[in-house]
Amino acid sequence: LILRLLVDAWDAVIDLQCDYRDSQHLPKRDPRSGMTRLQLIKSKDHHKRVGSLVRYHCASIDLLAHCAVGKNPVNQVRIMMRVSLERIIENVLGCGLRPDGTVETDIDLDGVFMVRGSWLRLMNAVYLKSLDSETAKQVQEAARFWGSETNDQSGLMVEVVVDITLLAQRLKEIAPPS
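Cut-offs and rules
Residues numbered from 1 in each chain as written. Predicted model: local features only at pLDDT ≥ 70, side-chain atom pairs only at ≥ 80, totals over all residues. Heavy atoms only, no water. Helix = DSSP H or I, 4+ residues; strand = E, 2+ residues; numbered from the N terminus. Expected span 1.5 Å × (residues − 1). Buried < 20%, exposed > 50% of the residue type's maximum accessible area, 1.4 Å probe, protein only. Contact = heavy atoms within 4.5 Å. Polar contact = N/O pair within 3.5 Å; in protein donor to acceptor, adjacent residues only side chain to side chain. Axes fitted to C-alpha atoms, helices over the stretch in contact; angles between N-to-C directions. Parallel < 35°, antiparallel > 145°, perpendicular 65-115°, else oblique. Left-handed = near helix turned anticlockwise from the far one by under 90°. Nonpolar A, V, L, I, M, F, W, Y, C, P; charged D, E, K, R; others polar.

**Observations regarding helix α4 (residues 53-68)**
Along its 16 residues, α4 runs 23 Å from first to last C-alpha, staying within 8% of the 22 Å computed at 1.5 Å per residue. Every buried residue of α4 is accounted for by Leu-53, Val-54, His-57, Cys-58, Ser-60, Ile-61, Asp-62, Leu-64, Ala-65, Cys-67 and Ala-68. Against α1 (2-8), α2 (10-13), α3 (37-42), α5 (73-82) and α7 (109-128) lie the buried residues of α4. The backbone nitrogen of Val-54 has a side-chain oxygen 3.4 Å away, supplied by the residue at the start of α4, namely Ser-52. In the stretch just after α4, Gly-70 is the one whose phi turns positive, near 85°.

**Thoughts on the packing of helix α6 (residues 85-94) against α7**
Contact geometry of α6 with α7 gives a least axis separation of 9 Å together with a crossing angle of 155°. One element, α6, and the other, α7, form an angle in the roughly antiparallel class. Two packed elements cross with a definite hand, and for α6 against α7 that hand is left-handed. In contact with Leu-85, Ile-88, Asn-91, Val-92 and Leu-93 of α6, α7 contributes Arg-116, Trp-119, Leu-120, Leu-122, Met-123 and Tyr-127. Grouping the constituent residues of the contact of α6 with α7 by class yields nine nonpolar, one polar and one charged.

Pasting the structure below:
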């Protein structure tokens, strides 16, 4: 029922872009108007407890993931029809990249991890936990999921390992082992 309501009002409710360059949903006088997800993360919008566009973006993605959790093959298919595996992978891999494809160095990693986590939860609930053989084949054949040594392209699994390594380093800095 919830997913059906979301699908009916998809454009007004779900924010998969977090791109406010030409948004009808944000007043022009808002200082975040005209910003992309990367710019919002750089400006630490995700630290706001209330009114954060990055948090709303993540909440939209997480809501879709929750609709697909459990034995919900119908909901998984409905979400697959709107959010492709490639789109999920692109959002995870491209989260901290500038438009030219280079890595943004002056960025708050907490924001990147927050956004990536939402997309990974959606991928897990919709694609990785699907019992459909065609979906499993789609994941197996997704080159950007695994990476490609032939064209030196990093894959999603490599990025997840890098993120976990960075997170472990940051945790050690916060609370060194006793």
